Amino acid sequence: MSKFENMENQNPINILAKMEQGIAFSAAMQEVPEVAFAHQPGCLCCSDGRFSPSDATLEKEGMAGQGILLLFNEVELNDFVAKLKINPEKPQIIASHEACGAAGLAFDAIKKLMAENQDEEVARIFAFLGISQLPTTSDELGVVYTKQLAKLTNIDYAHLELSPEKEHHNESGIIVTDLDFDERFIVTGEQQFFNSASAKLGLSDEYIKTELTELTKIAFGSHGRMGHHDNEIFHLLVISNPAGAARLSSIAEQVTNNQIFSGRVKVEVAVRE
Ligand SMILES: [Zn+2]
């Protein structure tokens, strides 16, 4: 029996409700069954909380735009591709998706480079993508990037459509993990969390900090939940082993200190011994 078949008999833990009742995140996480931490084939999907792998047997490994922001860091991009290609536990598929905010950021950043006549940098990015001109929409850019990443790492490619009832973001936090962790065990009903598994995939502190900051900005923007829920706290939920937890907590704390979030971002840590 697969893990997901097992899961049908498991009720996800409502982490937000537990925390509202005053139960510490670390204590609430003790109730998550062990099977949530078992390794299973993954989907490298966008961090976007509206999307999960369409194949219900795959575990989500989130990165903003599947790592599209790495286009602007040649060294880390090449390192990421090289490591992913030979990773024995690499995801089974890499998926782009409709209405990707991270692809939008990358699209705007490339347009800015073009406007500034940074020809060499634009040429480098286009060469990586295998294109000679910028696609007409950010979603097309996201597809081109994701297909290229899949090709370079010998991983199957997929595309996820946005279902109409999920038009709006509703994320209450970000699951920040470097472990095999199946987020379905803590996502209940309409709740959404962004997912950042970048640490698991070997990304740098600086990249992770940028990713968490950009995702938090989406949550606080006009399309995000925090933009319409003034009294709520946005949770950075660190789930890691002792060594990783110290590192990820430190990165997450730096995000909470960003004044644009007005002290409404808090780090919660669950250490897995
Ligand atoms: Zn996205």
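Refer to the preceding data block for the structure.
Read on for an overview of the structure. None of the values given here were measured: they were computed from a predicted structure.

### Examining the sheet that holds strand S5 (residues 171-177)
- Read across the open sheet, the four strands follow the order S6-S5-S7-S8; overall the sheet is parallel. The sheet terminates laterally at strand S6 (192-196) and strand S8 (265-271), the two strands that pair on one side only. Between one strand and the next, the sheet's axes are offset by a mean angle of 25°, whatever the strand orientation.
- Pairing of strand S7 (residues 234-240) with S8, which is carried by seven bridges, proceeds in the parallel orientation. Opposite Phe234, over in S8, you have Val265 as the bridge partner.

### Remarks on the pairing of strand S1 (residues 42-46)
- In terms of burial, S1 is a largely internal element, five of the five residues being buried.
- Bridge analysis of S1 against strand S2 (residues 59-63) gives five bridges, and the strand direction is parallel. Each residue of the ladder has a partner; that of Cys43, found in S2, is Lys60.

### Some remarks on the sheet that holds strand S3 (residues 93-97)
- Ordered in space as S2-S1-S3-S4, the four strands form an open sheet in which the pairing is parallel. On the outer flanks of this sheet lie S2 and strand S4 (156-160), each paired with one strand and no other. This sheet shows a mean twist of 30° between the axes of neighbouring strands, independent of strand direction.

### Notes on the nonpolar core
- Judged by nonpolar contacts, the single largest core of 70 residues is most densely connected at Ala106, Ile174, Val176, Leu212, Leu236, Val238 and Ala252.
- Ignoring sequence-local partners within four residues, the contact set of Ala106 consists of Gly65, Ile68, Leu69, Leu71 and Leu141.

### Things to note about unusual backbone geometry
- With a phi angle near 55°, Asn154 is a residue other than glycine that sits in the positive phi range.
- Within the fold, Asn154 resides in the loop between helix H7 (138-152) and S4.
- Residue class for Asn154 comes out exposed when judged on the 10 C-beta atoms lying within 10 Å of it.
- The phi torsion at Ser262 lies on the positive side, around 50°, for a residue other than glycine.
- Here Ser262 lies in the loop between helix H9 (242-256) and S8.

Calculation criteria
Residues numbered from 1 in each chain as written. Predicted model: local features only at pLDDT ≥ 70, side-chain atom pairs only at ≥ 80, totals over all residues. Pairing = 2+ DSSP bridges. Helix = DSSP H or I, 4+ residues; strand = E, 2+ residues; numbered from the N terminus. Axes fitted to C-alpha atoms, helices over the stretch in contact; angles between N-to-C directions. Buried ≥ 20, exposed ≤ 12 C-beta atoms within 10 Å, placed from the backbone. Core = buried A, V, L, I, M, F, W, Y, C linked by C-beta atoms within 7 Å. Contact = placed C-beta atoms within 7 Å.

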